[in-house]
Amino acid sequence: MTPPTIAFLGIGLMGRPMASRLARAGFPVRAWNRTAAKAEALRALGASPQPELAGAVAGADIIISMLESGAAVAAVIDAALPSLSAGALWIDMSSTQQGEALAFDQRLQAGGVSFVDAPVSGGVVGAEAGSLAIMAGASVCDFARAEPVLQAMGNPTLVGPVGSGQVAKLCNQLIVGGTLDIVAEALLLAQAAGADPAAVRAALRGGFAESRILEVHGQRMLERNFMPGGQVKSQLKDLRNVLVAAADAGVVLPLAALVTEHYSAIADAYLGADQCATLLALEKVNPGHRLGDGPDQLP
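Calculation rules
Residues numbered from 1 in each chain as written. Predicted model: local features only at pLDDT ≥ 70, side-chain atom pairs only at ≥ 80, totals over all residues. Heavy atoms only, no water. Core = buried A, V, L, I, M, F, W, Y, C linked by side-chain atoms within 4.5 Å. Buried < 20%, exposed > 50% of the residue type's maximum accessible area, 1.4 Å probe, protein only. Helix = DSSP H or I, 4+ residues; strand = E, 2+ residues; numbered from the N terminus. Contact = heavy atoms within 4.5 Å. Lys, Arg positive; Asp, Glu negative; His and termini not counted. Salt bridge = Lys/Arg side-chain N within 4 Å of Asp/Glu carboxyl O. Axes fitted to C-alpha atoms, helices over the stretch in contact; angles between N-to-C directions. Parallel < 35°, antiparallel > 145°, perpendicular 65-115°, else oblique. Left-handed = near helix turned anticlockwise from the far one by under 90°. Nonpolar A, V, L, I, M, F, W, Y, C, P; charged D, E, K, R; others polar. Pairing = 2+ DSSP bridges. Right-handed = clockwise from strand over helix to strand, strands pointing away.

> How should the nonpolar core be read in this particular structure?
Within soluble globular proteins, side chains that are nonpolar generally end up buried alongside one another. Counting residues in each nonpolar core, the largest one holds 35 residues, and the members touching the most others are Phe8, Met18, Leu22, Ile64, Ile91, Met93 and Met153. Elements with a minimum of two residues in this core: strand S1 (6-9), helix H1 (15-24), strand S2 (29-32), strand S4 (62-65), strand S5 (89-92), helix H6 (123-129), strand S8 (132-137) and helix H7 (140-150). Once residues lying within four places of it in the same chain are set aside, the contact partners of Phe8 are Gly15, Met18, Ala19, Leu22, Val29, Arg30, Ala31, Trp32, Ile64, Met66 and Met153. In this structure, Ala184, Phe226, Tyr263 and Ala267 belong to the second largest nonpolar core, which totals 26 residues.

> I tried to follow the side chain of Arg201 on my own but got confused; where do I start?
Along the chain, the position of Arg201 falls in helix H9 (residues 197-204). Glu215 is the oppositely charged side chain nearest to the buried, salt-bridge-free Arg201, at an N-O distance of 6.4 Å. For Arg201, the contacting residues outside a window of four places in its chain are Leu187, Leu214, Glu215, Gly218, Gln219 and Leu222.

> I tried to follow the packing of helix H8 (residues 164-192) against helix H10 (residues 212-223) on my own but got confused; where do I start?
Two quantities define a packed helix pair, namely the angle between the helix axes and the distance between the axes. Where H8 contacts H10, the two axes come as close as 10 Å, and the packing angle between them is 50 degrees. Comparing the axis directions of H8 and H10 gives the class oblique. Along this stretch, H8 crosses H10, giving a crossing that reads as right-handed. Note on element contacts: H10 touches H8 through Ile213, Leu214, His217, Gly218, Met221 and Leu222, opposite Val176, Thr179, Leu180, Val183, Ala184 and Leu187. Class assignment for the residues of the contact of H8 with H10 results in 9 nonpolar, 3 polar and no charged.

> Help me out: how do you make sense of the pattern of salt bridges in this one?
Side-chain pairs of opposite charge can arise whenever the charged atoms involved come near each other. Applying the stated criterion across every chain yields a total of 9 salt bridges. A salt bridge links Asp274 to Arg220, with the nearest nitrogen and oxygen atoms 3.4 Å apart. In this pair, Asp274 is assigned in the loop between helix H12 (254-270) and helix H13 (278-284) and Arg220 in helix H10, connecting sequence segments 54 residues apart. In terms of burial, Asp274 and Arg220 fall into one category: buried. Between Arg224 and Glu283 there is a salt bridge, with the nearest N and O atoms lying 2.8 Å from each other. Placement of the pair is Arg224 in the loop between H10 and helix H11 (232-249) and Glu283 in helix H13, with a sequence separation of 59 residues.

> Can you help me understand the packing of H8 against H12 in this one?
Between H8 and H12, whose axes approach to 10 Å, the crossing angle comes to 65 degrees. When the interaxial angle is binned, H8 and H12 end up roughly perpendicular. The handedness of the crossing between H8 and H12 comes out as left-handed. Only Ala256, Val259, His262 and Tyr263 of H12 make contact with H8, whose side of the interface consists of Leu174, Gly177, Gly178, Leu180 and Asp181. Here the residues of the contact of H8 with H12 are counted per class, giving 5 nonpolar, 3 polar and 1 charged.

> Mind showing me how you'd approach the environment of Met153 here?
With respect to the helices, strands and loops of the structure, Met153 is situated in the loop between H7 and strand S9 (154-160). Sequence separation of Met153 and Pro17 is 136 residues, and the distance between their C-alpha atoms is 8.8 Å. Not counting residues within four places of it along the chain, the set of residues in contact with Met153 comprises Phe8, Met18, Arg21, Leu22, Ile64, Met93, Gly126, Gly130, Ser131, Leu132 and Ile134.

> Before we go on, may I ask you to explain the pairing of S8 in this structure?
The side chains of a regular strand alternate, residue by residue, between the two faces of the sheet. Judged by how many residues are buried, S8 sits mostly within the fold: 5 of 6 residues are covered. As judged from the 2 bridges shared by strand S7 (residues 120-121) and S8, these two strands associate in the antiparallel manner. Residue pairing for S8: Val120 is matched across the bridge by Ile134. Judged from the 6 bridges that link them, S8 and S9 form a sheet pairing that is parallel. Note on S9: the bridge partner recorded for Ile134 is Pro156. Tracing the backbone out of S8, into H7 and back to the parallel element S9 gives a crossover that is right-handed.

Encoded structure:
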């Protein structure tokens, strides 16, 4: 069978390796970005950079958006709609609010285009390795159509109807954000109480406290390496969306509110830093205590 033509919109920190995986998997990929040079960089991988949005989406079977916010996705959908082919499938892999995903679906369905919300987890490392966790909200039929494409970028799971992917992503980010905070607290406590924090981290690994956060970000905290993978601004946006979803669902999430406060406290100074910079927020409320003695590595 002829593989579907894909328009990939948003060649950023995550979008670039995701689009690259699709091109390497043999899909015809048209790459578009507001800053055209970012799309042009994918030409060497076999993608076709498109300077204009209309040219990227016209005649495409599947459109994938990986943009910074729901507002950005809405603007691109509105601009692209006149050029979309009836029967096309739009997969939004950005992190947005559930209500935004439902609005995108309504807008696109009115234009004869199907919609899947499929946010991801795994960061740049997962995008490069093609091992992203992909949480999809869609009809069974639309997910079946999207699944072969999504499998080139990671491990897709249908979690419910449209909008459910964003709910699953928010659950993911709540666990990630909370765990980052707890790992930072554990390592700072270890040092402040006289233990070797690196040795404590090593001792905890393999027990019930083991996690990917302890493994990867615990080491980054020890090294004070805050160069961005997932950024503070992205984590803060997602946590704020968690609180919106909680309010909409009528539930109170006190720990989510506290973690959001921690990220808000460093947003002005460290918005582009890695999400493990929550350590800096913790140190801010503990004057005189600092994990390790190395210099901060910051963007």
